[in-house]
Amino acid sequence: MGQDQTKLQVEKGLRLYQANDTARALEVWDRVLERSNDPLGRFRALGCLITAHSERGRYQDMLRLAVRQVEEAQRLGEPEALSEAYLSLARSNEKLCHFHKAVSYCRRCLGLQTALGPLQGQLCLSLGNAYLGLSSFHQALECYEKALRCAHSRDDKMLETRVCCSLGGLYTQLKDYEKALFFPCKAAELVSDYGKCWSLKYRGMSQYHMAEAYRRLRRLGEAMECGEESMKIALLHGDRPLQALCLLCFADIHRNNNDVDKALPRYDSSFSIMAEIGNRLGQSQVLLGIAKCWLVQKEMDKVSNHLGQYKIAEVFENSVVKCGKICQILKKIVRS
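Each chain carries its own residue numbering, running from 1 in the written order of its sequence. Per-residue local features are limited, in this predicted model, to residues with pLDDT of at least 70; the limit for side-chain atom pairs, both in listing and counting, is 80 or more; totals at the level of whole chains, interfaces and linings are taken over all residues. Working from all heavy atoms in the structure, the side-chain values ignore hydrogens and water.

Examining the environment of E178
Applied cut-off: Counting from the N terminus, the helices are the DSSP runs of H or I reaching at least four residues and the strands are the DSSP runs of E reaching at least two. Burial classes: relative accessible area under 20% of the type maximum marks a residue as buried, over 50% as exposed, and values in between as partly exposed (1.4 Å probe, protein chains only).
Structurally, E178 is set in helix α10 (residues 177-194). Since its relative accessible area comes to 56%, E178 is described here as exposed.

Structure follows, in C-alpha cells:
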C-alpha cells in the first residue's frame, strides 16, 4: 500500500469513526498498519487507533499502540512526530492511573518544546490531569490555565471544551461547587455553539460534569437529567469509561436520596467497568460510595467486610485524597 492509498484509507477510517461505525473504522486502520509501507501513514493510523481505544476504555491497547507510535516516530526522525508520540504515552499512562509516569512523559515531551506547536495545549491538559490524579491541585490548576491560554490563542474550541471539563473536575475535588458547575456549563455552551460536527463525546463529557456538579449542590433532579443524557451518548458511542462514570453518578444520586437498594447495584456495575478498563482512581471513588452507603445505614460490619473484598492498597496507591477519605471512614468503624 503506497503513500496515496494509505492517506485515503486513513481518511476513510476517520469518516467511518465520525459516523459512529467504530468497528469498521478500526478494521481499516488495522489494515493500514498491516499493509502500508508508508511510515507517516502508519504513524497517523496509530494516532487514530490510540484515540479510538482511549474512548472505548481499552487503555492497555492504547498504551501498546503508543509505544509502537514512538518507534514509528523515531524511524521518521521528525521532532513533531516524536512529541506527539510521547504525548500519546503520557495520555495512556494517565488513563491507567500511572500518574507519575504520565508526568514523566509529559516532561520528556516538554524537552522537545520547539517541536510542540499545536500540541502545547494538549500537553498542558494531560499534565494537569496527571497532577489532579496525584492530588497536586495547585500544579493541576496552573497547567489547566496554560492549556486554556493555548486554546484561546489558537481559537481551539475543542481543546477549550476539554479544559473546561477538567476544571470542573478540579473544582469538584476542591469543593468549590459553583465553579465546578460553571466550567462544564461553559463546555456545554461551546458544544452547542461550535460542536455540530464534533464527536458526541464532547457533549457527553460536559453533561457528565454538569451532573456531578448538580449532585454536589444537591440539585438531584437536574443531576439525574444531565447524567441520563450523558449515558445515552456513552451507550451510543460505545464509551465505556463514560458509562462507568455515569453509573457512579447515578449511584451517588440514589445514595444522596437514602436509597441504598438502588445505589449498590449501580456501584457494583460501575466498579466492574472501572476494573475492566484499569481505572483505579475510579474504583476508589466507587469504594468510598459503597462505604458511605453502609455508614448511612449504620452497618459498620458491612463497611469493613465490603471494603475487605478489594485490594485497597493497590486501588488507592495513586491518590492521597482518596486514601485519606478511606482512613476517615475506617476510623468511624473503629469508634463504633
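Considerations on the packing of aromatic side chains
By convention here, two paired aromatic rings are described through the distance between centres and the angle between planes. To keep it simple, the criterion reads: The rule is short: rings of Phe, Tyr and Trp, with Trp giving its six-membered ring, pair when the centres are within 6.5 Å, and they are stacked under 30 degrees, edge-to-face over 60, tilted in between.
Evaluation of the coordinates by the stated rule reveals five aromatic pairs. Relative to W29, the ring of Y17 lies with its centre 5.9 Å away and its plane at 50°, an arrangement referred to as tilted. One end of the pair, Y17, is in helix α1 (residues 3-18); the other, W29, is in helix α2 (residues 22-35), and twelve residues separate them in sequence. Exposure remark for W29: the relative accessible area of 1% places this residue in the buried category. Geometrically, the ring pair formed by F182 and F183 is edge-to-face, given 5.1 Å between the ring centres and 80° between the ring planes.

Observations regarding the side chain of E94
The condition is simple: Residues counted as positive are Lys and Arg, residues counted as negative are Asp and Glu, and His and the chain ends are not counted. Basic side-chain nitrogens of Lys or Arg form a salt bridge, by our definition, when they fall within 4 Å of a carboxyl oxygen of Asp or Glu. Between two residues, a contact is recorded if the distance between any of their heavy atoms is within 4.5 Å.
Take E94: it is sitting in helix α5 (residues 79-95). Buried charged residue E94 carries no salt bridge. Nearest counter-charge: K95, at 4.4 Å. Non-local contacts of E94, meaning those with residues more than four positions away in its chain, are made with F99, A102, S126, N129 and A130.

Topic: the confidence of the model for the protein chain
Formally: Per residue, pLDDT captures the predictor's confidence, and it can take any value from 0 to 100.
Overall, the predicted model of the protein chain reaches an average pLDDT of 86, with 87% of residues at or above 70. Per-element averaging of pLDDT across the protein chain places helix α17 (residues 312-316) at the bottom with 47 and helix α13 (residues 240-256) at the top with 96. Of the regions scoring below 50 in pLDDT, residues 311-316 engages in twelve contacts with residues more than four places distant in sequence or in other chains.

Points about the UniProt feature "repeat: TPR" (unreviewed entry) in the protein chain
Heads up, the rule is: UniProt positions are given in the numbering used here, feature names are shortened, and annotations may be inferred rather than shown by experiment.
Per the UniProt record, "repeat: TPR" (unreviewed entry) is annotated on residues 121-154. In this annotation, residues 121-154 is assigned 91% helix and 0% strand; the end-to-end C-alpha distance for the span is 9 Å.

Overview of the nonpolar core
Soluble globular proteins tend to pack their nonpolar side chains together in the buried interior. In plain terms, the rule: Joining through side-chain atoms within 4.5 Å is the link that ties buried Ala, Val, Leu, Ile, Met, Phe, Trp, Tyr and Cys residues into a set, and such a set is a nonpolar core.
Formed by 98 residues in total, the largest nonpolar core has its most connected members in W29, Y144, V163, L167, L264 and Y267. Of all the elements, α13 adds the most residues to this core, at nine residues. Filtering out sequence-adjacent residues up to four positions away, Y267 remains in contact with L248, A251, D252, R255, V286, G289, I290 and C293.

Some points on the pattern of salt bridges
In the structure shown here, the tally under the stated rule is 14 salt bridges. Among the ionic pairs, D61 bridges to R58, the shortest N-O distance being 3.0 Å. Residue classification places D61 among the partly exposed positions, given a relative accessible area of 21%. Of the charged contacts in the structure, one is a salt bridge between E229 and R203, with a shortest N-O distance of 3.3 Å. Pair noted here: E229 is in helix α12 (residues 220-237) and R203 is in helix α11 (residues 201-216), with a separation of 26 residues, a long-range link. Judged by relative accessible area, R203 falls into the partly exposed class, the value being 34%.

A word on the side chain of S36
The residue S36 is located in the loop between α2 and α3 (39-56) in this model. If we skip the residues at most four places from it in the chain, S36 touches M1, T6, R31 and R42.

Let's talk about α5
Spacing of three or four residues puts side chains on the same side of an α-helix, whose turn is 3.6 residues. Convention followed: The span expected for a helix works out to 1.5 Å for each residue beyond the first.
For α5, which comprises 17 residues, the first-to-last C-alpha distance of 24 Å matches the rise-based estimate of 24 Å (1.5 Å per residue) to within 8%. Where burial is concerned, most of α5 is hidden: 13 out of the 17 residues are buried.

As for the packing of α1 against α2
We apply this condition: Interaxial angle, 0 to 180 degrees, is taken between N-to-C directions of lines fitted to C-alpha atoms, where a helix line uses only the stretch in contact. Angular relationships are summarised with four words: roughly parallel below 35 degrees, roughly antiparallel beyond 145, roughly perpendicular across 65 to 115, and oblique for the angles in between. Two helices crossing with the near one rotated counterclockwise from the far one by less than a right angle form a left-handed crossing, whereas a clockwise rotation gives a right-handed crossing. Three classes are used: nonpolar for Ala, Val, Leu, Ile, Met, Phe, Trp, Tyr, Cys and Pro, charged for Asp, Glu, Lys and Arg, and polar for all others, with Gly counted as polar.
Two elements in contact, α1 and α2, have axes separated by 8 Å at closest approach and are oriented at 165°. As judged from the angle between their axes, α1 and α2 are roughly antiparallel. In this structure, α1 crosses over α2, and the sense of that crossing is left-handed. Taking contact as the criterion, the partners of T6, Q9, V10, K12, G13, L14, L16 and Y17 in α1 are, on α2, T22, R24, A25, V28, W29, R31 and V32. Class assignment of the residues belonging to the contact of α1 with α2 gives a composition of eight nonpolar, four polar and three charged.

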